[in-house]
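Chain residues, written in single-letter form:
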Protein chains: 2
Amino acid sequence: MANAIEPIRWKSDRLELLDQRLLPDQLKYIECRTADQVADAIRDMAVRGAPAIGCAAAFGIALEPKESSYDILAKSRPTAVNLFWALERMRRAVDKKAEAEAIFAEDLAVNRAIGAHGAKLIPRGARILTYCNTGALATAGHGTALGVIRSARDKGISVIACETRPYLQGARLTAWECMQEGIFCNFITDNMAGHLMSRKEIDLVIVGADRIAANGDTANKIGTYTLAVLARRHALPFYVAAPLSTFDYSIADGSLIPIEERPASEVTGYRGQRWAPEGVVVRNPAFDVTPAELITAIICERGVVQAPTRERLQPLISTGV
Amino acid sequence: MANAIEPIRWKSDRLELLDQRLLPDQLKYIECRTADQVADAIRDMAVRGAPAIGCAAAFGIALEPKESSYDILAKSRPTAVNLFWALERMRRAVDKKAEAEAIFAEDLAVNRAIGAHGAKLIPRGARILTYCNTGALATAGHGTALGVIRSARDKGISVIACETRPYLQGARLTAWECMQEGIFCNFITDNMAGHLMSRKEIDLVIVGADRIAANGDTANKIGTYTLAVLARRHALPFYVAAPLSTFDYSIADGSLIPIEERPASEVTGYRGQRWAPEGVVVRNPAFDVTPAELITAIICERGVVQAPTRERLQPLISTGV
């Protein structure tokens, strides 16, 4: 499939990032010529999605290969480990531009491999619940969880997309990507997933990941854990699709993954429209941790790890990077 | 406690309904002089909350005690059974105005009794997750689940209020009611509840109900079922607080409760601000059903029914009306 949606365009002297904050209303690119500008785009979520953040950071170094660039980019967002993985690769590389281009090209290939492995798990006609955005927009192209759905589209599948409060990536990005490609999509609020499961309107759940600990515990967009608990109650498969660059084998389990808290303004309203009372105290954790025991399988570019544990993931990880 | 927030004001020749669609920005009343106007206010959610809907419908009949008024009001919303309960009482009454006033006065007294019974279940310093709005705004005054919280406020409790997509009653109404009364309130999106439970930041859950079947299965605002599943996983008490007018003993279990589907526009954005792509297919079930086995106890004006079953609820119900 052609990579029609291009969140990241590398122009050698500059990086063009599709400003995902403006979707689905406007298709507009931000031009970055410095590492600082790339770090701002990551922090402010013009570009988001763990693999896309990794690619953007790599190009940030390619634009401005100074020591301080690594620090600036490393501090842009704390949870997605792909960022640190990409910076580490860039640090070791001699030709920074060639390495950033390689990271980008590999991510696209990796996503297609994830899609091919994952599609084998998807039954014909499956009604697939997905969460946040894990599509072309979250990666160099194709996508992780949504990439699996793309790769399985000939099976007559349909998607249920949760809006993904507070930042609405499911609404603004996933529903939009599905519509762009003619994949049938039902759009719901996050709290409707349990009801649809109880009415047997969902066959499986597939999500992406921002960081996977050595034992398989998975940090992903806030709300993911709840879907895993619901899937378990309804005996539905719960799949995580992510590249090996999302694995953090320095971390034993999910309790050690840092969880970003983002600004209150994301929760109290949207753009100009506010619905919470002025002065209310807000919590805004951007991620939660799904314990490995709730994950049916993790799909990565090397294949599928059923019922992930440290022991089952170890062989994959040790040869992965 | 004085009933500071007045969602329903009866003026003998007219009914004044606080337009809850405009909260928390504006305090503005709608004047109703016909049953039609009251039915419109219920359908369009100017007044909402199962007990408040019952009271408003009763006053609708008092304003215009015609046969057709019963039909018009009965068709305004399908799930909350208090509506049908109130219309039935009004049909049997000779003095319609006196009966509507009695329904209103009794609801306030009933809520205070629920509060007193429920408060005994709340530990000192409890961090209480609640959902949607079940406060003064949802009733004749005081509230059901939020009434229990009000009655327990001297115990140094705090509230975690979920915003309650799509209609945002938790944000616009519950967080606002808490702030009006100086009850400490953390405000979150619905999908953060599981994360906070996993971090041991929630001690119990208490919600209201729109209809309780004879076996204790409970229809309530969409998303309630998910909270019950999460509470069970984390071994947290999950309480339902509701007056006996919410019980429907004509219905054996929750699968028979009609679930209202509301307009797509509630899901695709808020007021002028849209975030879902144009043309997307939307689901909007307004309620879900929590099976009795997930409910720790039901609190009503006659007391507390632990681990509700048809057998345990029967004595309560048969003497209740």
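Okay, so let's go over this structure. In this convention, every chain numbers its residues from 1, walking through the sequence in written order. Each chain gets a letter, beginning with A, and each ligand a number, beginning with 1, in the order they are written. Given that this is a predicted model, residues contribute local features only at a pLDDT of at least 70 and side-chain atom pairs are listed and counted only at 80 or more, while totals for whole chains, interfaces and linings are drawn from all residues. Excluded from the side-chain calculation are hydrogens and water; included are all heavy atoms of the structure.

Some points on the side chain of Gln169 of chain B
Residue and element names in this part refer to chain B.
Reasoning step 1: Strands here mean DSSP runs of E at least two residues long; helices mean DSSP runs of H or I at least four residues long; both are numbered from the N terminus. By the secondary structure assignment, Gln169 is in helix 7 (residues 169-181).
Reasoning step 2: Exposure classes here rest on a 1.4 Å probe applied to the protein chains alone. A residue is buried below 20% of its type maximum, exposed above 50%, and partly exposed in between. With relative accessibility at 1%, the residue Gln169 sits in the buried group.
Reasoning step 3: The criterion used for residue contact is that any of the two residues' heavy atoms lie within 4.5 Å. Every residue in contact with Gln169, bar those within four places of it in the chain, is listed here: Met45, Arg48, Cys132, Asn133, Glu163, Thr164, Thr174 and Lys221.

A closer look at the packing of aromatic side chains
Reasoning step 1: Centres within 6.5 Å make a pair out of two Phe, Tyr or Trp rings, where for Trp the six-membered ring is used; the pair is then stacked when the planes are under 30 degrees apart, edge-to-face when over 60, and tilted otherwise. All told, the structure shown has seven aromatic pairs over all chains when counted by the stated rule.
Reasoning step 2: When the centroid spacing of 5.2 Å and the interplanar angle of 80° are considered together, the rings of Tyr270 of chain A and Trp275 of chain B count as edge-to-face. Of the two residues, Tyr270 of chain A is situated in strand 12 (residues 269-270) and Trp275 of chain B in the loop between strand 13 (273-274) and strand 14 (281-282); the pairing between them involves two chains. Judged on exposure class, the residue Tyr270 of chain A and its partner Trp275 of chain B are both buried.
Reasoning step 3: Judged by centre distance (5.8 Å) and plane angle (55°), the ring pair of Phe59 of chain B and Phe104 of chain B falls under tilted. On the criterion of sequence distance, the pair formed by Phe59 of chain B in helix 2 (residues 50-63) and Phe104 of chain B in helix 5 (residues 96-119) is long-range, its members being 45 residues apart.
Reasoning step 4: For Phe59 of chain B, a relative accessible area of 1% translates into the label buried.
Reasoning step 5: The structure contains a cluster of three or more aromatic residues connected by ring pairs, namely Tyr270 and Trp275 of chain A together with Tyr270 and Trp275 of chain B.
Reasoning step 6: Above the face of the Tyr29 of chain B ring, Arg9 of chain B is positioned so that its terminal group lies 3.6 Å from the ring centre. Charge-over-ring contacts are defined here by two conditions on Lys NZ or Arg CZ: a distance within 6 Å of the ring centre and an angle within 35 degrees of the ring normal.

A closer look at the sheet that holds strand 15 (residues 287-290) of chain B
Residue and element names in this part refer to chain B.
Reasoning step 1: Here the rule is simple: two strands pair whenever DSSP picks up at least two bridges between them. On the basis of which strands lie adjacent, the open sheet formed by four strands has the order 11-8-9-15 and mixed pairing. The two strands at the open ends of the sheet, each matched to only one other strand, are strand 11 (247-248) and strand 15.
Reasoning step 2: Relative to strand 9 (residues 218-221), strand 8 (residues 211-213) is paired through two bridges, and the arrangement is antiparallel. Residue pairing in the sheet places Ile212 in a bridge with Thr218 of strand 9.
Reasoning step 3: Strand contacts of helix 9 (residues 224-233): strand 9 and strand 15, with the helix running at about 30° to strand 15, the strand carrying the most contacts. The axes are straight lines fitted to the C-alpha atoms, using for helices just the contacting stretch, and the angles between their N-to-C directions are given from 0 to 180°.

Thoughts on helix 9 (residues 224-233) of chain A
Residue and element names in this part refer to chain A.
Reasoning step 1: Within helix 9, eight of the ten residues are buried, which leaves it mostly tucked inside the rest of the structure.
Reasoning step 2: Among all positions in helix 9, only Thr224, Tyr225, Thr226, Leu227, Ala228, Val229, Leu230 and Ala231 are buried.
Reasoning step 3: Directly beyond the C-terminal end of helix 9, a positive phi value near 55° is found at Ala235.

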